[in-house]
Amino acid sequence: MQHIVAQDWLFEHGTDEQIVIVDCRFTLGQPEAGRNAYDIDHIPGAVYLDLEQDLSAPKGEHGGRHPLPNWEDFMHRLGEVGIDSESTVIAYDDQGGAMASRLWWMLQALGHSKVYVLEGTFSMWKQAGYPVTDEPPAMHATIYEGKLQEGFLLQMEDVKNRIGRRGTVLVDSREKPRYLGLEEAIDPVAGHIPGAKSYFWKQGLNEQGGWKDAAAQKERFADLASADEIIVYCGSGVTACPNVLALKEAGFSNVLLYSGSWSDWISYEGNPIATGEE
């Protein structure tokens, strides 16, 4: 797999000089839980990056529940935890890769190709008997230099202008009942962006909670084979990222993230909303 590394590989190479391991554990609605879990134990050498403090900006009127941070601020933070443009970054979480994929996507968007998500979860790492520690890592601050790449990111207007465009497919990564508009526990409005297809992100995982292989991802997205462009969104731009990763594993190249996602879409009065099956 292109963007996933096996746990035994990390066990063997985790202390290599250029490798930086990043713990991305985070629990929605419990903002301290991830950091507290990291302080109890983590993969040896891992630094911690927080979804809301480090990988998002504060919530505003628009931009959704997890707006992307200022890219300069993000690069400064990467440097603080010892990541530079030569680092090989391995991200993990305990959420099936959702939070780790957000960091993976953000680094990819800066042109950083040597970034991977760890196969399976932190709990699976522990269950397999690999080492954990409560010791903070020795961090060596550096300077991260990157540049936001074209062809990674769309804003609300871009998405609106593409609705119904031939060859463009919208992928909704949320659970099916939220897509259908039957329930909505997080955002104030239920439904989906008109024309979107439902691909719940967790369907990219196998029964053990690890990632399905490239062939299985290809099969999962077989109906999208003729698409010229795929736009992926979720509730707030986080769980869309594992679907972006899965699509890349399946061999799709023109995959864009609508980072504001549903929570941004509904913040604009008059944006069309669909419910039920498409």
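The sections below set out a description of the structure shown in this document. (Residues numbered from 1 in each chain as written. Predicted model: local features only at pLDDT ≥ 70, side-chain atom pairs only at ≥ 80, totals over all residues. Heavy atoms only, no water.)

A few words now on the overall build of the protein. Within the protein, the secondary structure is distributed over 10 helices and 10 strands. Taken over C-alpha atoms, the radius of gyration comes to 18 Å for the protein, in line with the 19 Å a tight globule of 278 residues would show. Seen through its C-alpha atoms, the protein measures out along the principal axes to roughly 50 × 40 × 35 Å. In the protein, 77% of the contacts between residues at least 6 apart in sequence involve partners at least 24 apart. (Helix = DSSP H or I, 4+ residues; strand = E, 2+ residues; numbered from the N terminus. Rg over C-alpha atoms; globule rule 2.2 N^0.38 Å. Contact = heavy atoms within 4.5 Å.)

In terms of nonpolar packing, the biggest core is built from 69 residues, with Val22, Ile43, Leu103, Trp105 and Leu224 touching the most fellow members. With 9 residues, the single largest contributor to this core is helix H4 (residues 98-109). Apart from residues lying up to four places away in sequence, tryptophan 105 is in contact with Leu68, Trp71, Phe152, Leu153, Cys241, Val244 and Leu257. Counting residues in each nonpolar core, the second largest holds 15 residues, with Tyr233, Leu256, Tyr258 and Trp262 among its members. (Core = buried A, V, L, I, M, F, W, Y, C linked by side-chain atoms within 4.5 Å. Buried < 20%, exposed > 50% of the residue type's maximum accessible area, 1.4 Å probe, protein only.)

Another aspect to go through is the packing of aromatic side chains. Counting across every chain of the model gives 11 aromatic pairs. Residues phenylalanine 11 and tyrosine 130 carry aromatic rings whose centres are separated by 5.3 Å and whose planes lie at 40° to one another, so their mutual orientation is tilted. Placement of phenylalanine 11 in helix H1 (residues 7-13) and of tyrosine 130 in the loop between helix H5 (122-127) and strand E6 (153-154) is noted, with a sequence separation of 119 residues between them. Each residue in the set Trp71, Phe74, Trp105 and Phe152 is aromatic and connected to the rest through ring pairs, giving one cluster. Residue placement shows arginine 25 over the ring face of phenylalanine 122; its charged tip is 4.0 Å from the ring centre. Above the plane of the ring of phenylalanine 152 lies lysine 248, whose end atom (NZ or CZ) is 5.7 Å from the centre. (Phe/Tyr/Trp six-rings, centres within 6.5 Å; stacked < 30°, edge-to-face > 60°. Lys NZ or Arg CZ within 6 Å of the ring centre and 35° of its normal.)

Moving on: H4. Taking 1.5 Å of rise per residue, 12 residues should cover 16 Å, and H4 covers 17 Å from first to last C-alpha, within 8% of that figure. Most of H4 is tucked away: 12 of the 12 residues are buried. For H4, the set of buried residues is Ala98, Met99, Ala100, Ser101, Arg102, Leu103, Trp104, Trp105, Met106, Leu107, Gln108 and Ala109. Of the residues trailing H4, glycine 111 is marked for its positive phi of about 85°. (Expected span 1.5 Å × (residues − 1).)

This part covers the packing of H4 against helix H9 (residues 240-249). Contact geometry for H4 and H9: axes closest at 7 Å, N-to-C directions at 70°. Classified by the angle between their axes, H4 and H9 sit roughly perpendicular to one another. The two elements H4 and H9 meet at a crossing, and its hand is left-handed. When H4 is examined against H9, the residues Ala98, Ser101, Arg102, Trp104 and Trp105 are found in contact with a partner set consisting of Cys241, Pro242, Val244, Leu245 and Lys248. When its residues are assigned to classes, the contact of H4 with H9 shows 7 nonpolar, 1 polar and 2 charged. (Axes fitted to C-alpha atoms, helices over the stretch in contact; angles between N-to-C directions. Parallel < 35°, antiparallel > 145°, perpendicular 65-115°, else oblique. Left-handed = near helix turned anticlockwise from the far one by under 90°. Nonpolar A, V, L, I, M, F, W, Y, C, P; charged D, E, K, R; others polar.)

A pair can form between side chains of opposite charge whenever their charged atoms are brought close. Tallied over the entire structure, the rule returns 13 salt bridges. Here aspartate 41 makes a salt bridge to lysine 126, at a shortest N to O gap of 2.7 Å. On the criterion of sequence distance, the pair formed by aspartate 41 in the loop between helix H2 (33-40) and strand E3 (47-48) and lysine 126 in helix H5 is long-range, its members being 85 residues apart. A salt bridge links arginine 65 to aspartate 187, with the shortest nitrogen-to-oxygen separation between them at 2.7 Å. Highlighted residues: arginine 65 in the loop between E3 and helix H3 (71-80) and aspartate 187 in the loop between helix H7 (176-180) and strand E8 (197-198), separated in sequence by 122 residues. Through salt bridges with shared partners, a single network forms among Arg65, Asp172, Arg174, Arg178, Glu184 and Asp187. (Salt bridge = Lys/Arg side-chain N within 4 Å of Asp/Glu carboxyl O.)

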